[in-house]
Amino acid sequence: MNLSNKIKTGVLGCTGAVGQKLISLLGNHPLFEVTEVAASDISAGIKYSERVNWKESSDIPKSVKDLTIKKCSDEFDSKILFSGLDSNVAGEIEEFYANKGYAVVSNSKNHRMSADVPLIIPEVNHSHFELIHKQQTYKKSGGFIVTNPNCSTVVLAVTLYPVYKKFGLKKVMVTTMQAVSGAGYPGIPSMDILGNVVPYIKDEEDKIETEPLKIFGTFSGGAVKFADFIISASCNRVPVRDGHTMSVSFETEKKASKNEIIKSFGEYENLGLPSSPEVVLRYFDNPFRPQPLLDGMTGNGMTVSAGNLRECNILDWKINAFGHNTIRGAAGAAILNAEYLVKNKFLK
Ligand SMILES: NC(=O)c1ccc[n+]([C@@H]2O[C@H](COP(=O)([O-])OP(=O)(O)OC[C@H]3O[C@@H](n4cnc5c(N)ncnc54)[C@H](OP(=O)(O)O)[C@@H]3O)[C@@H](O)[C@H]2O)c1
């Protein structure tokens, strides 16, 4: 496809960890090109390459490095705005742009649980995109907000959705081991994390305990009815650069055999979008997998990996799960959402 035929997009929060990953992944995207970038007033007016502390292994895309950073109150020429904004400011800024008619594809927590905002993993609940039609801004200006889940929620939800769908869930317990890149840049000081584990991540447990219930919820009558099971989460920051690992125990509604559960993992539909991984959920019958260093980039970072399903003495089963937090858990998830929106003609 010719560059000029691509859909112009803007990135809000372009200097942050998620913003950089968005710009890196969109650098060679078949549908989208980044033509505008924005951040705080401190960054605004400065050339992108002079302001950003670039942490991606690939170079800054040529088309982006000379862009002048905009303010998050400026007009954009692009219809789609990806948001990697700090959650302290994302709420208001995203509403501002939705009101003005932009399609805001957000990574931030602020609107995830709003009744009329879709919280989406396309392979799990793309029917919830219909909530966009309930947003007042969509009716007035064509603008709307869609969100992707918290980075740990994505890993947990992709691992458990096939089990939920086939056998139902009653109880889930999850302990996470989350990478430092999940806290943005520069994030947690090296003195606090090297050779260490920090057993608290602000607000994280609440997100993991609630977001899957919305994602697994049923969409009918213009609203999402939340799934009815309980989740208990304990979250730890560990000295891993990228990728969240977790130990998950779960009790099912209907009893299932190990083979039946493993078989269900392969039943994901491939949506055929440019960022869709060939395998949505990869299962290893190997107690040493998944691992961040080995499995982070499976499916270009979009595959969630699980391994070593075994009996649990308290709930029915336990399993290890892993996913790339800034790709499947953030930038890649947002891009997949935007691809779905374009393919299914949600943009007015
Ligand atoms: N990191 C992850 O793995 C991950 C995963 C899922 C979701 N998220 C969510 O994604 C969002 C971004 O996370 P991050 O890790 O990329 O954070 P980050 O590295 O701290 O980046 C935050 C971005 O927000 C911008 N910003 C800060 N204050 C602003 C203001 N007043 N007006 C406009 N822009 C402002 C910053 O621009 P300046 O440089 O100009 O300050 C920067 O571009 C957060 O809501 C986070 O919770 C992160």
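Placed above this text is the structure.
Residues numbered from 1 in each chain as written. Predicted model: local features only at pLDDT ≥ 70, side-chain atom pairs only at ≥ 80, totals over all residues. Heavy atoms only, no water.

A. Quick peek at helix α7 (residues 151-167). Under the 1.5 Å per step criterion, the end-to-end length of α7 is 25 Å for 17 residues, consistent within 8% with the ideal 24 Å. Where α7 bends most, at L160, the angle is about 40°, and the proline P162 comes one to four residues later. By the criterion of burial, α7 is predominantly enclosed, with 14 of the 17 residues buried. For α7, the capping residue at the N-terminal end is N150, with a side-chain oxygen 2.8 Å from the backbone nitrogen of S152. Positive backbone phi, at 75°, marks G168, one or two positions downstream of α7. (Helix = DSSP H or I, 4+ residues; strand = E, 2+ residues; numbered from the N terminus. Expected span 1.5 Å × (residues − 1). Bend = angle between axes of the 7 residues up to and from the residue. Buried < 20%, exposed > 50% of the residue type's maximum accessible area, 1.4 Å probe, protein only. Polar contact = N/O pair within 3.5 Å; in protein donor to acceptor, adjacent residues only side chain to side chain.)

B. Quick peek at the packing of α7 against helix α9 (residues 204-215). Put simply, α7 and α9 touch, their axes get as near as 9 Å, and they point 45° apart. In terms of orientation, α7 lies oblique with respect to α9. Crossing angle aside, the handedness with which α7 passes α9 is right-handed. Residues C151, S152, T153 and L156 of α7 form the contact with α9, whose own contacting residues are E204, K207, I208, E211, P212 and I215. For the contact of α7 with α9, the per-class residue count stands at five nonpolar, two polar and three charged. (Axes fitted to C-alpha atoms, helices over the stretch in contact; angles between N-to-C directions. Parallel < 35°, antiparallel > 145°, perpendicular 65-115°, else oblique. Left-handed = near helix turned anticlockwise from the far one by under 90°. Contact = heavy atoms within 4.5 Å. Nonpolar A, V, L, I, M, F, W, Y, C, P; charged D, E, K, R; others polar.)

C. Region of interest: the site of the ligand. Around the ligand, the surrounding shell holds 28 residues, and the nearest of these are T15, V18, S40, S43 and L85. A distance of 3.4 Å separates an oxygen atom of the ligand from a polar backbone atom of G184. Counting only elements with at least two residues in the shell around the ligand, the list comes to α1 (17-25), α4 (87-99) and α12 (327-343). Element by element, the count of residues in the shell around the ligand is highest for α4, at three residues. Counted by class, the shell around the ligand contains 11 nonpolar, 15 polar and two charged residues. (Near = heavy atom within 4 Å.)

D. Structural context of the packing of aromatic side chains. Within the structure shown, the criterion is met by 15 aromatic pairs. For the ring pair F96 and Y97, a centre distance of 4.9 Å and an interplane angle of 80° mean the geometry is edge-to-face. Looking at Y97, the relative accessible area reads 0%, which means it is buried. Relative to Y283, the ring of F265 lies with its centre 5.6 Å away and its plane at 35°, an arrangement referred to as tilted. (Phe/Tyr/Trp six-rings, centres within 6.5 Å; stacked < 30°, edge-to-face > 60°.)

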